[in-house]
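# Chains, contacts and geometry: an overview
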Amino acid sequence: MTVTETGGGATGQDAADLLTVTGLVKHFPIRQGLLQRQVAAVQAVDGIDLTVKRGETLALVGESGCGKSTTGRLLTRLEEPTSGSIVFEGRDISHLRPGQMRPLRRDVQIIFQDPYSSLNPRHTVGKIVSAPYRLQGITPEGGVKRAVQALLETVGLNPEHYNRYPHEFSGGQRQRIGIARTLALKPKLIILDEPVSALDVSIQAQVVNLLEDLQEELNLTYVFIAHDLSVVRHVSNRVAVMYLGKIVEIADQQSLYTRPMHPYTVALMSAVPVPDTKRRTERERIRLQGDVPSPINPPPACRFHTRCWKAQHVCTTEEPPLYELEPGHRVACHFPENAPDQRTPDGPLA
Amino acid sequence: MSLTSEREHPVGGARSSAFLDVRDLRVHFPTDDGLVKSVDGLSFGVDRGRTLGIVGESGSGKSVTSMSVMGLHKRGTANISGEILLDGANLIEASAEDVRRMRGKRMAMIFQDPLSAMHPYYTVGNQIIEAYRIHNDVSKKKARAHAVEMLDRVGIPEPHRRVDAYPHQYSGGMRQRAMIAMALSCDPDLLIADEPTTALDVTVQAQILDLIRDLQREFNSAVVIITHDLGVVAELADDILVMYAGRGMEYGTAEQIFNEPEHPYTWGLLGSMPRLDRDRSERLLPIKGTPPSLINAPPGCPFHPRCAFEANTGGLAQTERPDLVASGTGRGHNVACHMAPVQRRQIWRDEIKPML
């Protein structure tokens, strides 16, 4: 029961919407016994709506188990949704067969988190970066080798390293190889699944700057998945906060960071350690109790109620829908921060 | 309580020794490719009741340092020289048996990944009990009661039930707490935390950092926290040592490092990070280049190939290794850089600080 987000037109899609996701659900079955009956399911993604506009960076933020990586994989159709729809440039790609998806793979690409396992260690850099051409049966102008060398240069690597193997490069350089591979087919949309989390701080900054430059030069659209709120603030135009398979808040970057409304978002921001010694004592901290519940058995109604300091009884019985409380700022909460209550408080939880 | 002038910085010169006193530590690993100089002349000190944060990126030698203090390098794989004094006792010269006796009792370590650090076949309770019974002559029943008490102390709910669970049955945050319980079960004087929260979600990280802080206050332990996250050291550390290529680049109190840093590498780290507490900047300011090889570290100052101010040293940075010496403010702030302190401070004030 969430409000579908539309770009600006009253119905369906705006020309500027590259990707529209409606009611997306992905459950991973848990099977047991000789007959492998399904006994439960991991409700990784449980009904999310999103729109990604051309040229923007939409960030998906959340902690482990929130479903952001699964969402990223669904958007590239590395997984098939259990239900819901994914519409890319006006075409419903939710249940296309691999053969039908193949031409679309030129337009939607993914960069993975781990620069060590995402490159085949037995292939040279040249073979890795040229793989997209081979798989799509395309010969770029000037030949494959020249195109690959141009790509290596674009991402700041030495084109002469065409014949080297991944293990001869550092983590940051490997991530650049992954980026070069992603750019080969001139995609429109790139899903970045924690692209800098595995890198050292100083290398992270290099790769973040590179990604920003590439976006501007090549008119790319990014869906940036991360858990590091500081990096997300730096790169994104809009941010969606996920918790246990649901989007709990989605807003413009500035709106979200200056006026977060969902208690989870507030707690998340409060928990980020900032490199400022004065703030050790001054800062108001919100400490969440306990750990994130299991996505196999998520709490009923509002999934955050087990850890929320504002939870009332209605939070355990009625799931809060994603309401637009301010222009461009949607929250799924009955008692948001920085905004008026959406329900009457009916007694706090014990 | 900042570093007082009577107790000069623990690098050269006479001084009263700190509770943990590391002097000119060198840890070299002979390999087929050459001698890997993971730690190459490191000195620092930590007192009881204080927290030292060791900051560095991969390959800086911070983990190798902590493993050396704990005596966890397999004899024969590493050439260790220098001194590691724990309350006066030299750990490098001590026998393996003596070090083993001290491990757990006087010094304990928390590792980055609790799932791989704990034994998967034994219950959490058993692992805590084992550690406790090695150092204390008590019955199993008493040891178990102590284990339950420790689990409760670190905030694990229903500790009398959870004590019989296996590590894989705990969540990430709970496992880290259990590891902290194990480390503190014998009330050690020194606690080393090696990237204790890197593998955890940020909300759980905040809980764990609070826990470490509270426990330090309660047990008055000396704490060394090793991390690449400057935010984490700002939260927890009283003093900070910045490491690069196996050496100390800058050492001072947390206030000095964050408010008046004097080493170009520290400036680079501060500039590389996007910050929640400042206005959103147009571009991050990365450090150019990549971390150096530890087999063939650059001659002279190991940071010089990546340093934007290398030219100011008149070629000295390329040939001569700078020592970690007092910066001249007389308050225990030490920097390993050939640039004159006055020039460094001016660059920080006029060029670096306004950009952050």
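### Some thoughts on the packing of helix H7 (residues 172-184) of chain B against helix H8 (residues 202-219) of chain B
Residues and elements named next belong to chain B. Remark: H7 packs on H8, axes separated minimally by 10 Å, with the N-to-C direction vectors making an angle of 15°. Comparing the axis directions of H7 and H8 gives the class roughly parallel. You can see that H7 and H8 cross each other, and the crossing is right-handed. In contact with Gly172, Gly173, Gln176, Arg177, Ile180 and Leu184 of H7, H8 contributes Val204, Gln207, Ile208, Leu211, Leu215 and Phe219. In terms of residue class, the contact of H7 with H8 is built from 7 nonpolar, 4 polar and 1 charged.

### Here's the deal with the sheet that holds strand E5 (residues 89-90) of chain B
Residue and element names in this part refer to chain B. Reading across the sheet, the 4 strands line up as E2-E1-E4-E5 and stay open at both edges, with antiparallel pairing between neighbours. Bordering the open sheet on either side are strand E2 (34-46) and E5, each of which pairs with just one other strand. The pairing of strand E1 (residues 20-31) with E2 spans 10 bridges and is classified as antiparallel. Of the residues in E2, the one forming a bridge with Thr31 is Gly34.

### Quick word on the confidence of the model for chain B
All names here are of chain B. Per-residue confidence for chain B gives a mean pLDDT of 86, with 95% of residues at or over 70. Every residue in residues 1-15 scores below 50 in pLDDT, and together they form 27 contacts with partners more than four places removed in sequence or on other chains. Predicted as a complex, the structure gets a pTM of 0.83 and an ipTM equal to 0.75.

### Details of the environment of Val61 of chain A
Residues and elements named next belong to chain A. Mapped onto the elements of the fold, Val61 is located in strand E3 (residues 57-61). Accessibility expressed as a C-beta count within 10 Å gives 25 for Val61, which makes it buried. The sequence separation of Val61 and Val248 amounts to 187 residues, and the corresponding C-alpha distance is 10 Å. The contacts of Val61, once residues within four sequence positions are left out, are Ala226, His227, Leu229, Val232, Val239, Val241 and Met242.

### Things to note about the packing of helix H4 (residues 124-135) of chain B against helix H5 (residues 140-153) of chain B
Residues and elements named next belong to chain B. Packing of H4 against H5 brings their axes to within 9 Å, and their N-to-C directions diverge by 120°. Between H4 and H5 lies a crossing of right-handed hand. Here Gly125, Ile128, Ile129, Tyr132 and Arg133 of H4 lie close against H5, whose contacting residues are Lys140, Ala143, Arg144, His146, Ala147 and Met150. Split by residue class, the contact of H4 with H5 holds 6 nonpolar, 2 polar and 3 charged.

### Observations concerning the environment of Gln173 of chain A
Residues and elements named next belong to chain A. You can see Gln173 is positioned in helix H5 (residues 171-183). C-beta crowding within 10 Å serves as the criterion here: with 23 such atoms nearby, Gln173 is assigned to the buried category. Considering only alpha carbons, one finds Gln173 and Leu157, 16 residues apart in sequence, at a separation of 7.4 Å.

### Structural notes on the nonpolar core
Ranked by internal contacts, the top residues of the largest apolar core, which has 184 residues, are Ala240 of chain A together with Val233 of chain B. Counting residues per element, this core draws most heavily on H7 of chain B, at 8 residues.

### Side note on the interface of chain A and chain B
Across the contact, 33 residues belong to chain A and 39 residues belong to chain B. Elements with a minimum of two residues in the side of chain A that touches chain B: helix H6 (201-218), helix H7 (229-235), helix H9 (263-271) and helix H10 (279-282) of chain A. If you tally residues by element for the side of chain A that touches chain B, the top one is H6 of chain A, at 7 residues. The class makeup of the residues in the side of chain A that touches chain B is 14 nonpolar, 11 polar and 8 charged.

### Focus on H6 of chain A
Spanning 18 residues, H6 of chain A covers 26 Å between terminal C-alpha atoms, matching the ideal 26 Å at 1.5 Å per step. Every buried residue belonging to H6 of chain A is among Val201, Ser202, Ile203, Gln204, Ala205, Gln206, Val207, Val208 and Leu211 of chain A, and all of these are buried. In the core, the buried residues of H6 of chain A are packed alongside H5 and H7 of chain A together with helix H11 (264-272) of chain B. Among the residues trailing H6 of chain A, Asn219 of chain A stands out with phi positive, at a value near 55°.

### Notes on the sheet that holds strand E8 (residues 222-227) of chain B
Hydrogen bonds between backbone atoms are what pair the strands of a sheet, whose relative direction is either parallel or antiparallel. Residue and element names in this part refer to chain B. The sheet built from 8 strands is open, its strands ordered E6-E7-E8-E3-E9-E10-E12-E11 with mixed pairing. The sheet is open, and its two edges are formed by strand E6 (107-110) and strand E11 (325-326), each paired on a single side. Pairing analysis gives 6 bridges linking strand E9 (residues 239-244) to strand E10 (residues 247-253), with the strands arranged antiparallel. In the strand pairing of E10, Met243 is matched with Gly248. Against the sheet, H7 makes contact with E6 and strand E7 (190-194), and its axis sits at roughly 170° relative to E6, the strand it touches most.

Calculation criteria
- Residues numbered from 1 in each chain as written.
- Chains lettered and ligands numbered in written order.
- Predicted model: local features only at pLDDT ≥ 70, side-chain atom pairs only at ≥ 80, totals over all residues.
- Axes fitted to C-alpha atoms, helices over the stretch in contact; angles between N-to-C directions.
- Helix = DSSP H or I, 4+ residues; strand = E, 2+ residues; numbered from the N terminus.
- Parallel < 35°, antiparallel > 145°, perpendicular 65-115°, else oblique.
- Left-handed = near helix turned anticlockwise from the far one by under 90°.
- Contact = placed C-beta atoms within 7 Å.
- Nonpolar A, V, L, I, M, F, W, Y, C, P; charged D, E, K, R; others polar.
- Pairing = 2+ DSSP bridges.
- pLDDT = per-residue confidence, 0-100.
- Buried ≥ 20, exposed ≤ 12 C-beta atoms within 10 Å, placed from the backbone.
- Core = buried A, V, L, I, M, F, W, Y, C linked by C-beta atoms within 7 Å.
- Expected span 1.5 Å × (residues − 1).

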